[in-house]
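The residues making up each chain are set out below.
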Amino acid sequence: MRWWPLFGISRRLTEKRDYESAAEVRPLPGLFRRSLFIYAVDAGNSNALNIEVAALRAPQYNIHRLGIFFTDTPRHADLLLVLGQPTSGTIGALMETLSQIPQPFGIIHIREPLAAGNRFVDFDPPQLLARIEGRPEAPELLGILLKVRKGGAR
Amino acid sequence: MNLVIGVIGGGRVLVQEREKLRVGERGEEELAPELRRLFEARDRAGEPGRIGNGSSSGEGVFDFRYGPFTGGYPEAGIFHLHTYGEKILSVEVDISCKHRGIEASMAGLELSDCARASETVAGNFGFAHSLAFCRAAEAALALEPGRRAERLRLVGLELERIYNHLLVKARLAQAAAQKVLAAHVEALFEEALRINKLFSGSRLLSGSNRVGGVSAELMGVDDGRLRDLAARVETLARHFGSIYTTSLSSRNYMDRLHGIAVAGAQLAVARGLTGPSLRAAGVDADLRIAEPLLAGFVPITKDEGDSMARMEVRAEEILASCEIVRGQVEALLGGADGDAADLRGDGVRADGGAAESRGAGARATAASKAEGLGAAESATGTVAWWIETSGGRVVRAYASTPSLFGFQVFADALRGHIFTDFPFALDSFGLSFADAAR
Amino acid sequence: MIFVGIGLALFALGALFSRRAFAGYAFAALGSASVLAAGIAGLLGLSNGEAVFSLGGQFIGLGIDQLSAEFLTISAGVWCLVSLFGMRYASAFRRAATVGFNLALAGMALVLTAVDALTFIAGWEIMTVFVFIMLFERSPSERPPFGFLAFGELSTLALVIGFAALYGQRHGIGLGAAGGGGALFLVFASLGMIIKMDIVPFHAWMRNVYEHIPGHIAAIASAAVTLTGVYGLERVLGMSGYLRWWALVLLALGAISAFWGALQAVSTRGLRSLPAYSTVESNGMILAAIGLSTIASAGGGESLAYLSRFALAAALVLAIGHAVAKSLFFLSIGQAEEALQARTIDEARGLWVGAGKIPALGIIVSGLSFAAFPPLVGYVGEWMLLQTTFQASEFPSLAERFVTAFAGVFVALALGLMAFSMVKFIGYTVLGRERSAPPQAKRVSAWIKGPQIALMLLVLAAGVGLPLLLPFFGFGGLFSGLLGVPPGLLLVSGRPVFGVLSPTMLAVVLIVLAAVPVAVWAGGRRGRRRVKAWNGGLDIAASGERFTAPAYSQILQTMLKNVYRTHESTEDGGRRVATLDVLARPFGFLWRAFGRIGAAFSRIVMNGKIAAYAAYIVAMFVIAIVLAALMTT
């Protein structure tokens, strides 16, 4: 039987580094600067973006110390993270989600460039803070979220 | 034991017999009605159809709809749980939200573009999908990749298996509120993704497979990186082994998994289930048995077919996959593959002669029209692509994905349980809506 | 006294002019008002007269004393408001129901003012029979109301035995004199009273009957009829000496009734059967309070004497609370049911929009009172009861302390389960959003809305205005002051001070504290918008996806599987969960046994042959003569 706190601390999993991102993120006025609550929605991605978001919860990133939290309901969210271009099957629920998030909120839309298929629909909401083309890896995704939390940057 | 995992039209079906996949003629008439309904629902995945076991009625019975956007499940899909209170009477799953029409959009595209597109069926099974597609294309064109490429493909497949199984374990631990276990397994999951990046330049191994071999970047991986890879995989196996052994002694955790969602061998085979969920029911079907480079491969099986058995199979497969990776890297470092004749740099043999073809269903090599069947054992089961090509372009593509059958078996196995058993049943199958709906 | 006479006459007129429901119920309302005046006059000490005549050495007639006045005031207030409600509401029902209504009220007035056993029994029977006639209204077949009649006659039988014992003991049938009642009288008479109060297991008839009767009749059957039982019980206990084991039995029965009523209320799904079980619970608590008062009064000392008065006041507050809130509950449900054509809780969803704000508010206020929500009268009564059980350490003997402790446990469980049931009821009917407003908004008559509003105000006033209410009913001396609470507003539960409560100040504090949230709510209208309920991003399908009331209860039904005998039953191909009320089942067996015996008897004796009929006549004649001869010797 090992003593778990000591075991965990001795692994020294949490990394100490800055998370950068080259993306341009518009500022979100009215946001509390010390915490960012994110509601992540799978709108039609290939599950790869879901995996990257799941990886963010790993102890290596330890996102709670950076003030980033994921919520289970849109009603507690500051930021809507839309993963993938919406399909005709998810656009209805996505627009309903937009109406359920309290103002002010922002949207980060991540689009996979090589997504194949013929059932995608357009998505251009006014609260868009940034549209990312590509599959950002978890450190870059964290950099984007930190940019949102700190008030946007070029 | 014949598993029917696809209906490609014209009376032909895709049949898996333990470790071999083939196209069967005139198999469509003999399908059981439930399986026939499942394939019909699959073909109409764009419409809000439901797979499962129908709805229930009675006083106080209502449909507890979970989805499409929920906090507990990361993908968009709808679960309809019919209940009168605590007990789940019947289950229906609606996969139509994630239907993107990938197979239909492949018509007329070049094979290489389709190989990239096949990865987007399910990003976390991307390597298996692209591998199966490339094998199908290679079967149609009668190409044979070189040995080094084959070994690298095996390593990639096992790395994908490792991180998917770790994710399943982490989700099960989170559901049981075993936060320490979940945190350690999530750390290993992140480490597995970084190992992927070390190996292929992409955390999810995307863009690694090409028709006829692997990508140039992957082909050019140097010995130092391979040694690093082997060391990190060994460390991961060691850590996971010790954490897994400790987790088995948590009565709380084991109690949540024991006896949940029993999918026995008969039900699983009748519904076309493959992968670790089938092996947990005692059926030793695994496509890797037929891999020539994996000599002496023995699939891991358990007997009970419940969530605990599936979790155990996945955990032991992680350790087994780490061992396979170590072995294949050793072989790669040993240089025994002798691919000095490789000139094209992407693993295709320069002589390109009439080599033995892989998979069944290959037709004449030089003809413009050809069919090919390719398969790979992904983390959740058999991924198979059957394509018709003409002049280097795809005419028709059919993908058999394991999650479709997984959802059907999940629905059948969850009946009679109570709501708190839902995450343990669902996560133990390791399914993906994107995979099921394509 | 004259007011009582006027009231009785008005009731008779109401029965006479019953062809138009408006007139019949108007007379009932006037009669009730007159009786109410009599009661208030009695409480104020203005008239304590009697109207008696002498018959064979006994005094027969009517009179008002303090106890009568208390219950006359409460009852007649409820009768009056229910009659006003019935003036427009009952216009669709049969004439027999109007006749029954008036004469049942007359019977109750007789019971509450009787000075002798004969008048009491006469009034009791009149009340039972005419309520039985009222219950026929809209019952699907002839069987269900017979259950009520059977239990009513059982209670009369017990009363007759008791009064006969009283006569045997004292050679008198007057109900006024205290002391000297004898054990037999005490046991049987109080048994008769508690049968009327629907104490477990004599509640077996309720479930089937209540489902099908109109709102105002249900209000009378539950609130008014059980109130006469409470009155009778207090009168009987005041008349006889202290019998320790019987007091403990009453206390235990009361606590178990309270628990059982709340337990069954959790699993019912009918709009009427849930409040029916709530009646069982409330009457159980009243019985427990009365039992505690009796036990305390037998012990000596000042603190126990205070406790006894406090417990009696608790019984009174519980009785007031039950009478007012239960009538309100049934009246509001009655109006809502007519508007929505609903039978079960799920069918009555969206009551706020579909039936109107007044019945919705009525259900909320009365439901919260039963769920013991401060500062309503239900909360005050239950607080007083629990405070009494907490002070059981002062009881002289171990048996009393032990039984009181267990009674407290059952009462507390009952409170929790009743809160659960009321949340289920209110949440699913009033707060459930199901409907849009009805296309033709009929104007509902003021006669229907008015009594509900009055009852709502009474529920609130009886709680907040307790410092005025209890002294008015003759229970002064229970109040004092402490710290910031002015003297006379603080209810003290024991001497020396044990627990205190000031519902008035509580109401003040709640209003002050609510000022901030209300201001925020009212002021922030700009930033607010209405959204749909969130369920994964899609609309909740109108039917089929909503959480149902049976599913809400399912968790308790699963946890307490053995008590409820929860089982799955498949009928018509659907699957549902069924529970049983195991304490009511013995009467089901008796019912069927009697049915079989009766059928067998009629087959054997009345088989159509003349010879058998003649033999039957001769046999009855002989038996009658023999009995007469035996009795005269």
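See above for the structure.
Residues numbered from 1 in each chain as written. Chains lettered and ligands numbered in written order. Predicted model: local features only at pLDDT ≥ 70, side-chain atom pairs only at ≥ 80, totals over all residues.

**Student:** Tell me what's going on with the overall build of chain A, and back it up with residues and numbers.
**Tutor:** Across its full length, chain A holds four helices and five strands. Against the globule reference of 15 Å for 154 residues, chain A gives a C-alpha radius of gyration of 16 Å, in line with a compact fold. Seen through its principal axes, chain A has C-alpha atoms that stretch 50 × 35 × 30 Å. The 154 residues of chain A split such that 47% are buried. (Helix = DSSP H or I, 4+ residues; strand = E, 2+ residues; numbered from the N terminus. Rg over C-alpha atoms; globule rule 2.2 N^0.38 Å. Buried ≥ 20, exposed ≤ 12 C-beta atoms within 10 Å, placed from the backbone.)

**Student:** Before we move on, could you go through the interface of chain B and chain A and cite the residues and values that matter?
**Tutor:** Contact residues are listed per partner, giving 36 residues for chain B and 33 residues for chain A. For the side of chain B that touches chain A, the leading source of residues is helix H6 (residues 179–200) of chain B, giving seven residues. Taken together, the residues of the side of chain B that touches chain A break down into 18 nonpolar, eleven polar and seven charged. (Contact = placed C-beta atoms within 7 Å. Nonpolar A, V, L, I, M, F, W, Y, C, P; charged D, E, K, R; others polar.)

**Student:** I'd like to hear about the sheet that holds strand S12 (residues 393–400) of chain B, residue by residue, with values.
**Tutor:** Residue and element names in this part refer to chain B. Reading across the sheet, the three strands line up as S10-S11-S12 and stay open at both edges, with antiparallel pairing between neighbours. A strand with exactly one partner marks an edge of an open sheet, and here the two such strands are strand S10 (369–377) and S12. Pairs of neighbouring strands in the sheet enclose a mean axial angle of 15 degrees, with direction left out of account. Bridge analysis of S10 against strand S11 (residues 382–390) gives nine bridges, and the strand direction is antiparallel. Residue pairing across strands places Gly-372 opposite Ile-387, the latter belonging to S11. (Pairing = 2+ DSSP bridges. Axes fitted to C-alpha atoms, helices over the stretch in contact; angles between N-to-C directions.)

**Student:** Can you break down the interface of chain C and chain B residue by residue, with the values?
**Tutor:** Taken together, the contact pairs 18 residues of chain C with 19 residues of chain B. Looking at the side of chain C that touches chain B, the elements that each hand over two or more residues are helix H20 (549–559) and strand S7 (574–578) of chain C. When residues in the side of chain C that touches chain B are grouped by element, the largest group, five residues, is from H20(C). Of the residues assigned to the side of chain C that touches chain B, the class counts are six nonpolar, eight polar and four charged.

**Student:** Outline the nonpolar core, listing residues and values.
**Tutor:** Residues Ala288(C), Ala289(C) and Val459(C) are the most contacted members of the largest nonpolar core, which totals 202 residues. If near-sequence neighbours (up to four positions away) are discounted, Ala288(C) is found in contact with Leu251(C), Gly254(C), Ala255(C), Ala258(C), Leu385(C), Ala407(C) and Val411(C). Ile38(A), Ala40(A), Val93(B) and Ala281(B) belong to the second largest nonpolar core, which has 187 residues in total. (Core = buried A, V, L, I, M, F, W, Y, C linked by C-beta atoms within 7 Å.)

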